[in-house]
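Residues per chain are reported as follows:
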There are 4 protein chains.
Amino acid sequence: MPYPYASDRDEILSRLRKIEGQVRGIQRMVSEDAYCVDVLTQISAVVSGVEKVALRLLREHMKGCVADAVRSSDEGAEKIDEVLKVVERFLQT
Amino acid sequence: MPYPYASDRDEILSRLRKIEGQVRGIQRMVSEDAYCVDVLTQISAVVSGVEKVALRLLREHMKGCVADAVRSSDEGAEKIDEVLKVVERFLQT
Amino acid sequence: MPYPYASDRDEILSRLRKIEGQVRGIQRMVSEDAYCVDVLTQISAVVSGVEKVALRLLREHMKGCVADAVRSSDEGAEKIDEVLKVVERFLQT
Amino acid sequence: MPYPYASDRDEILSRLRKIEGQVRGIQRMVSEDAYCVDVLTQISAVVSGVEKVALRLLREHMKGCVADAVRSSDEGAEKIDEVLKVVERFLQT
């Protein structure tokens with residue numbers, strides 16, 4: 001059975017759809033001149049939701065692709081470096 | 001002439017629409033089993049775009065509401081504390 | 001009575017001394033080949049402590065310098081832009 | 001030859017000593033009532049330096065402990081979960 005499991009993908013897609021809805025909600029708030037601090041609170045909820053999706057994907061990737069590469073090929077170190085670049089990018093956003 | 005200017009709002013709305021499109025693009029990538037690292041790269045672009053919108057709103061809010069409160073009322077300190085809570089929340093996401 | 005109050009400065013200095021001690025503790029852990037995850041946990045405590053100091057200073061700065069500039073001079077907008085640059089830098093670290 | 005290599009540890013220790021010096025410099029700035037924005041700029045340099053050390057340690061840990069566990073034992077998944085918890089903690093600071 002391949003990793004990622006289909007159930008993970010469903011969960012990730014459902015989170016992404018929720019985030020899409022939140023971004024649309026923020027547009028509505030801005031159009032209707034909502035109080036800036038309330039808009040910013042909604043925006044920080046989006047960042048937080050998006051980072052949860054990222055961690056979920058990172059877990060799948062490490063348990064799937066990276067672990068496979070470490071176990072069965074010479075590309076393990078390469079795959080680990082690739083993951084670290086991603087983590088670095090997230091720390092800098 | 002009130003602050004925020006209408007042009008700021010247009011710019012913010014156009015950025016938010018772009019972010020909404022990016023989130024939809026990420027859903028498509030996940031559905032089509034795109035390489036995890038590519039999906040994560042797109043996700044970090046969303047975080048970065050969302051934080052730019054947040055900084056833009058923060059600027060408007062500080063130059064508008066907060067500056068007004070500092071100048072003309074006793075609520076300046078309160079408004080500043082409110083802004084700091086928002087900044088804190090962003091640092092923790 | 002000037003802002004920042006002396007008591008704030010004492011509190012900030014005491015936090016910074018604690019952070020300095022934590023950084024020394026991390027050096028000791030690395031020298032003694034402590035388990036990486038334990039070292040990383042200590043490092044995240046330093047980041048968190050340093051950000052608390054930053055938020056404290058930011059509060060003082062906004063209630064002091066920035067509020068003064070907004071109230072009594074034409075440099076309010078400039079001071080606000082300066083603060084936003086700092087916040088942006090923290091979001092990107 | 002064991003991983004981490006001694007040279008990595010030297011590099012990490014030298015970075016940590018530099019960070020310790022920066023934290024002491026910030027204490028001096030606060031004592032001497034330096035301009036808040038300058039202090040905050042130094043603080044963001046510390047955060048950035050500390051995160052570089054964290055990424056370095058994370059790389060060693062993943063190429064060493066985690067890769068070993070993935071290759072030669074059943075604890076691979078456990079080690080990956082442990083790493084992800086660390087990454088999550090860094091995203092939230």
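All of these numbers come straight from a predicted model, not from anything done at the bench.

(A) Just the overall build of chain A, in detail. Each helix and strand counted, chain A has three helices and zero strands in total. In sequence order, the secondary structure elements of chain A are arranged as α-α-α. Here chain A has a C-alpha radius of gyration of 17 Å; the compact-globule value for 93 residues is 12 Å, and the former is much larger. For chain A, the C-alpha atoms occupy an extent of roughly 55 × 30 × 15 Å along the three principal directions. Looking at chain A as a whole, 49% of its 93 residues qualify as buried.

(B) A look at the pattern of salt bridges. Residue and element names in this part refer to chain D. Summed over the entire model, instances satisfying the criterion amount to 40 salt bridges over all chains. With its nearest N and O atoms 2.8 Å apart, the salt bridge here joins R15 to E11. Here E11 and R15 lie together in helix 1 (residues 6–31), a separation of four residues that amounts to about one turn. Given a relative accessible area of 28%, R15 falls into the partly exposed group. Notably, a salt bridge pairs R24 with E20, separated by 2.9 Å at the nearest N-O pair.

(C) Local environment of the relation of the copies chain D and chain C. Mapping chain D onto chain C calls for a rotation angle of 180° and an axial translation of 0.0 Å; the resulting RMSD is 0.0 Å. The relationship between the two copies is best expressed as a two-fold rotation axis. Comparing interface residues between copies, 100% of those in chain D also sit at the interface in chain C, which points to an isologous, same-surface contact.

(D) Structural context of the environment of K18 of chain B. In this fold, K18 of chain B is placed in helix 1 (residues 6–31). Taking the C-alpha atoms as reference points, K18 of chain B and I80 of chain B, 62 residues apart in sequence, are found 30 Å from one another.

(E) Layout of the side chain of E51 of chain C. Tracing the chain through its elements places E51 of chain C in helix 2 (residues 36–72). Buried charge without a salt bridge: E51 of chain C, with K52 of chain C as the nearest opposite-charge side chain at an N-O distance of 8.2 Å. If sequence neighbours within four positions are ignored, E51 of chain C has contacts with L91 of chain B together with V47 and T93 of chain D.

(F) Focus on unusual backbone geometry. Residue and element names in this part refer to chain B. One non-glycine residue, D33, lies in the positive phi region at around 55°. Mapping D33 onto the fold places it in the loop between helix 1 and helix 2 (36–72). By relative accessible area, D33 is classed as exposed at 53%.

(G) Seen up close, the relation of the copies chain D and chain A. Once turned by 180° and shifted 0.0 Å along the axis, chain D lies on chain A with an RMSD of 0.0 Å. The share of interface residues of chain D whose copies in chain A are also at the interface is 100%, consistent with both copies meeting through the same surface.

(H) Layout of helix 3 (residues 76–91) of chain C. Under the 1.5 Å per step criterion, the end-to-end length of helix 3 of chain C is 23 Å for 16 residues, consistent within 8% with the ideal 22 Å. Inspection of helix 3 of chain C places G76, K79, I80, V83, L84, V86, V87, F90 and L91 of chain C among the buried residues, and these make up the whole buried set. Viewed along the axis of helix 3 of chain C, the buried residues span an arc of 160°, placing them on a single side of the element. Those residues of helix 3 of chain C that are exposed and aimed more than 90 degrees away from the buried face are E78 and K85 of chain C. Each element contacted by the buried residues of helix 3 of chain C is listed here: helix 2 and helix 3 (76–91) of chain B, helix 2 of chain C together with helix 2 (36–72) of chain D.

(I) Just the packing of helix 1 (residues 6–31) of chain C against helix 2 of chain C, in detail. Residues and elements named next belong to chain C. One can describe the packing of helix 1 onto helix 2 by two numbers: an axis separation of 10 Å at closest approach and a directional angle of 165°. The orientation of helix 1 relative to helix 2 falls into the category roughly antiparallel. For the crossing formed where helix 1 meets helix 2, the hand is left-handed. Considered class by class, the residues forming the contact of helix 1 with helix 2 number 14 nonpolar, three polar and nine charged.

(J) How the structure looks around the interface of chain D and chain A. With 18 residues of chain D at the interface, the matching set in chain A holds 18 residues. Taken together, both faces of the contact between chain D and chain A bury some 1800 Å²; the carbon and sulfur share is 81%. The interface formed by chain D and chain A contains two salt bridges. Put simply, K63 of chain A and D81 of chain D hold a salt bridge, and the shortest N to O gap is 3.0 Å. For the interface between chain D and chain A, the tally reads two residue pairs in polar contact (both at pLDDT 80 or more). Put simply, the parts of the chain that give the side of chain D that touches chain A at least two residues each are helix 2 and helix 3 (76–91) of chain D.

(K) Representation of the interface of chain D and chain C within the structure. If you look at the interface, chain D gives 39 residues, while chain C gives 39 residues. For chain D, the biggest contributors to the area lost against chain C are Q27, L40 and T93 of chain D; these three give 15% of the whole. At the surface where chain D touches chain C, the tally comes to 14 residue pairs in polar contact (both at pLDDT 80 or more). Counting residues per element, the ones that place at least two in the side of chain D that touches chain C are helix 1, helix 2 and helix 3 of chain D. A per-element tally of the side of chain D that touches chain C places helix 2 of chain D first, with 18 residues.

Scoring rules and cut-offs
Residues numbered from 1 in each chain as written. Chains lettered and ligands numbered in written order. Predicted model: local features only at pLDDT ≥ 70, side-chain atom pairs only at ≥ 80, totals over all residues. Heavy atoms only, no water. Helix = DSSP H or I, 4+ residues; strand = E, 2+ residues; numbered from the N terminus. Rg over C-alpha atoms; globule rule 2.2 N^0.38 Å. Buried < 20%, exposed > 50% of the residue type's maximum accessible area, 1.4 Å probe, protein only. Salt bridge = Lys/Arg side-chain N within 4 Å of Asp/Glu carboxyl O. Least-squares fit on C-alpha atoms with pLDDT ≥ 70 in both. Contact = heavy atoms within 4.5 Å. Lys, Arg positive; Asp, Glu negative; His and termini not counted. Expected span 1.5 Å × (residues − 1). Arc of directions from axis to C-beta. Axes fitted to C-alpha atoms, helices over the stretch in contact; angles between N-to-C directions. Parallel < 35°, antiparallel > 145°, perpendicular 65-115°, else oblique. Left-handed = near helix turned anticlockwise from the far one by under 90°. Nonpolar A, V, L, I, M, F, W, Y, C, P; charged D, E, K, R; others polar. Buried area = accessible area lost by both parts, 1.4 Å probe. Polar contact = N/O pair within 3.5 Å; in protein donor to acceptor, adjacent residues only side chain to side chain.

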